[in-house]
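Spelled out from the first residue to the last, the chains are:
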Amino acid sequence: MYKGTNASSGIGIGKAVIVEETELVIERKTVADAAAEVERFKGALEKTMKETEALAADLATRVGEKEAEILQGHIMLLQDPALTGEIENTIKGECICSEFAVEMVCTMYANVFAGMDDELMQQRATDMRDIKTRMQRVLMDAESVNIAALPEGTILIAKDLTPSMTAGINPKNVMGIVTELGGKTSHSAILARALEIPAVVAVADFISGVKNGDEVILDGDQGDVYVNPEASVEKEYTAKRDEFLAAKEELKKYIGKPTITKDGVTVELVANIGKPADVDKVLQYDGEGVGLFRTEFLFMDRNSMPTEEEQFEAYKKVAEALKGKPVIIRTLDIGGDKEIPYMGLEKDENPFLGYRAIRLCLDRKEDIYKPQLRALLRASAFGNIKIMIPLVTCIDEYREVRTIIDELMLEMDRQGIEYNKDIQVGIMVETAAASLIADIFAKEVDFFSIGTNDLTQYTMSVDRGNDKISYLYSTFNPAVLRSIKRIITCAREAGIMVGMCGEAASDPMLIPLLLAFGLNEFSMSASAILYSRKLITNLSTEELQEVADKAMSFATTKEVEDYMRNFVAGL
Ligand code: PEP
Ligand code: MG
């Protein structure tokens, strides 16, 4: 058995097809007429661009706009005058052929990106190498592997899959993907998940151990891969695969159904998104709205701040797509683990306790916060938008935001710009301080959404990204659970809506407790919605009171977890 990184859920069983791009041999050749060579390069660039655009359009219709964004990123790179200008200058300056100039310039950029700490930047290195090879293939008239034509029942095996290779895959024929390189967040892993093809990546020395036509089984949840397994293994995995597919199929019957407990309590199941394109998945999985739109993603992966107009378009697009269903949009939450290079922020000694989120926005009202709030107000005329403030610790912060919103409303009245005058403004409850004065907040704000990712971090004083102390990071810790229960109780007593948008909202072991506490809204990744609906439909809040009392009586995280695990297993 081989071991790799689980990258996309499910069991894949099929015949190995090893895909190897033939290595291009790029030689340094001098050219007599550099100007003519630049023209040849421009022609090839144009063709590469057209090919990539076609691939992106195909992917957008087959899979979704979000997935096509990776290739749109490639098109932007191909259009970048800094890159193409440098290639042209290299051709002219050194009188060399286009293939070699592309090699030099793109490799230089790829190495710079690869050397950066940031995972997103490292991904850029892969993108740069991908467009480099694509331009060279066009220049050399070399055909690339036709992945779209793989036979039925294929397990696709490659050293690494470039985004453009993955984009051509037909999920009807490809039962699984195994690569020697890549990681959970690599583009190919993301695309495999979007196409719902089981995948295992980073399987060391795999290709030397497998031949075309070999029987391969992979487990995309465990990261296990078998080549020509024994009959007993094949039998076991065939059963597992069938079970997985049947469970997936069964969930489809919850599409279009209300989310209501056995004793008639209706709750909302909504989705977390980062970009307008994510809405496709929300609709696909029948989300009842958006519970958290993390707007910082609109600010990332670019060189300057998105304008009020750009933000307005993005918010409007989501509001319109959801046709009156609630869309909670969180104002900018940067700093901490989320950096934005062009904002010129100084490195904080202690970023999670530092200059971030609402603290930063209130300090940069003119250039950051007001344009965002205005964009949100303008977009509120096109759907059911609610504004949510992150990392609030004291009521003054909320009041200050409310004042800015009221002033902007007056300004917009004068300008005759439409907006929803009753727009709701709520807060994320994700700090210990906000939880402790939840009763005070509940009297003034329109709604709460509990951010368990940070609430756990700030309650336990444990950095959410530090592996060494991750044993302390649990929502089932009695301190965190008491905090959650208190926040929900305060909201219910004041009669305001209370939701949860941290990862814990989709944890099957926590959902019963949240229902017992009285949570109104659960916001999670779209793909978790149908399973959660199934679970909630099978529970009764009345019957859960006893379970919750018992769970809250334990002194340790382990006791609570064991108890809830047993409870859920027995359902
Ligand atoms: C949270 O803290 O739980 C949350 C939803 O926000 P983020 O993960 O973006 O900090
Ligand atoms: Mg948070």
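Quick notes on the rules
- Residues numbered from 1 in each chain as written.
- Chains lettered and ligands numbered in written order.
- Predicted model: local features only at pLDDT ≥ 70, side-chain atom pairs only at ≥ 80, totals over all residues.
- Heavy atoms only, no water.
- Buried < 20%, exposed > 50% of the residue type's maximum accessible area, 1.4 Å probe, protein only.
- Helix = DSSP H or I, 4+ residues; strand = E, 2+ residues; numbered from the N terminus.
- Pairing = 2+ DSSP bridges.
- Right-handed = clockwise from strand over helix to strand, strands pointing away.
- 1 Å grid on protein atoms, 1.4 Å probe; cavity = no way out; pocket = protein on both sides within 12 Å on 5 of 7 lines; lining within 4 Å.
- Points joined across faces, edges and corners; volume = space filled by probe spheres on them.
- Nonpolar A, V, L, I, M, F, W, Y, C, P; charged D, E, K, R; others polar.
- Axes fitted to C-alpha atoms, helices over the stretch in contact; angles between N-to-C directions.
- Contact = heavy atoms within 4.5 Å.
- Phe/Tyr/Trp six-rings, centres within 6.5 Å; stacked < 30°, edge-to-face > 60°.
- Near = heavy atom within 4 Å.
- Polar contact = N/O pair within 3.5 Å; in protein donor to acceptor, adjacent residues only side chain to side chain.
- Areas by Shrake-Rupley, 256 points an atom, 1.4 Å probe, with all protein chains shown as cover.
- Sits in = over half its atoms within 2 Å of the grid points.
- Domains from an automatic or database assignment.
- Buried area = accessible area lost by both parts, 1.4 Å probe.
- Salt bridge = Lys/Arg side-chain N within 4 Å of Asp/Glu carboxyl O.
- Donors = N, O, S within 2.8 Å, 3.2 Å for Na, K, Ca; no water.
- Patch = residues over 30% accessible without salt bridge, like charges linked within 9 Å, V, L, I, M, F, W, Y side chains within 5 Å.

A few words on the pairing of strand β16 (residues 521-524). Both faces of β16 are covered, namely the face carrying E521 and S523 and the face carrying F522 and M524. Note: strand β9 (residues 268-273) against β16, 4 bridges, orientation parallel. Looking across to β16, one finds that A271 is bridged to M524. In this sheet, β16 lies alongside strand β15 (residues 497-500) in parallel orientation, the contact comprising 2 bridges. By the bridge assignment for β16, M500 is matched with F522. Where the polypeptide runs from β15 across helix α19 (residues 511-517) and back to β16, its parallel neighbour, the crossover connection is right-handed.

In the structure shown here, the tally under the stated rule is 2 cavities of 30 Å³ or more. Its boundaries defined by the atoms lining it, the largest cavity holds a volume of some 80 Å³. What lines the largest cavity is a set of 14 residues, among which R294, R330, M428, E430 and N453 lie closest to the centre. Contributing elements (two or more residues each) for the lining of the largest cavity: β10 (290-294) and α17 (452-460). Take the lining of the largest cavity: its biggest share by element is 3 residues, from α17. Of the residues assigned to the lining of the largest cavity, the class counts are 3 nonpolar, 4 polar and 7 charged. As for the second largest cavity, its lining consists of L161, I177, T179, S188, A189, A192, A199 and V201. Looking at the lining of the second largest cavity, the elements with two or more residues in it are β5 (174-179), α7 (187-195) and β6 (199-201).

As a further point, take the sheet that holds β9. The 8 strands lie next to each other as β9-β10-β11-β12-β13-β14-β15-β16, forming a closed barrel whose pairing is parallel. On average, adjacent strands in this sheet sit at an angle of 25° to one another, irrespective of strand direction.

The next subject is the side chain of K132. Tracing the backbone through its elements, the reader meets K132 in helix α5 (residues 119-140). Under the relative-accessibility criterion, K132 is labelled buried at 13%. Setting aside residues no more than four positions away along its own chain, K132 makes contact with V102, E103, C106 and T107.

Strand order in the open sheet made by the 8 strands is β1-β8-β7-β3-β4-β5-β6-β2, with mixed pairing throughout. Bordering the open sheet on either side are β1 (2-3) and β2 (5-8), each of which pairs with just one other strand. Pairing of β2 with β6, which is carried by 3 bridges, proceeds in the antiparallel orientation. Residue pairing for β6: N6 is matched across the bridge by V200. Contacts from α7 reach β2, β5 and β6 within the one sheet, and its direction differs from that of β2 by about 50°.

This paragraph deals with the packing of aromatic side chains. For the structure on display, the rule yields 5 aromatic pairs. Ring centres 5.9 Å apart and planes at 80° place the aromatic pair F293 and Y315 in the edge-to-face group. Taken together, the positions of F293 in strand β10 and Y315 in helix α11 (residues 308-321) put the pair 22 residues apart, joining distant regions of the chain. Judged on exposure class, the residue F293 and its partner Y315 are both buried.

So, about the site of ligand 1. The full set close to ligand 1 counts 13 residues, and R294, R330, G451, N453 and R464 are the nearest of them. Side-chain polar atom of R294 to an oxygen atom of ligand 1: 2.8 Å apart, as the coordinates give it. In this structure, G451 approaches ligand 1 through a main-chain N or O atom, which is 3.4 Å from an oxygen atom. Burial of ligand 1 by the protein chains amounts to 99% of its free accessible area of 290 Å². Placement of ligand 1 is best described as lying within the largest cavity.

A word on the domain arrangement of the protein chain. On domain assignment, one finds that the protein chain holds domain 1 (2-19 + 146-234), domain 2 (34-139) and domain 3 (257-569). Once you take the C-alpha centre of each, domain 1 and domain 2 turn out to be 27 Å apart. Between domain 1 and domain 2, the contact holds 14 residues from the first and 13 residues from the second. Together domain 1 and domain 2 conceal approximately 1200 Å² of surface at their shared face, both sides included; 63% is due to carbon and sulfur atoms. A per-residue breakdown of the area domain 1 buries against domain 2 is headed by S164, A167 and H187, which together make up 41% of the total. The interface formed by domain 1 and domain 2 holds 0 salt bridges in total. Linking domain 1 to domain 2 there are 0 residue pairs in polar contact (both at pLDDT 80 or more).

This paragraph deals with the coordination of the magnesium ion (ligand 2). Only E430 (OE) and D454 (OD) from the protein reach the magnesium ion (ligand 2) as donors, at distances of 2.1 to 2.2 Å. Here the residue E430 occupies a position in the loop between β13 (425-429) and α15 (432-436), and D454 occupies one in helix α17, the gap between them amounting to 24 residues. By the burial criterion, E430 is buried, and D454 matches it.

Before going further, it helps to examine a nonpolar patch on the surface. A cluster of nonpolar side chains, namely M108, V112 and M116, defines an oily patch on the protein surface of about 220 Å² accessible area. Counting through the fold element by element, M116 comes out in the loop between α4 (98-114) and α5.

For A528, the location among the structural elements is in the loop between β16 and α20 (529-537). Residue A528 is classed as buried on the basis of its relative accessible area of 18%. When the C-alpha atoms of A528 and G287 are compared, they prove to be 9.7 Å apart, with 241 residues separating the residues in sequence.

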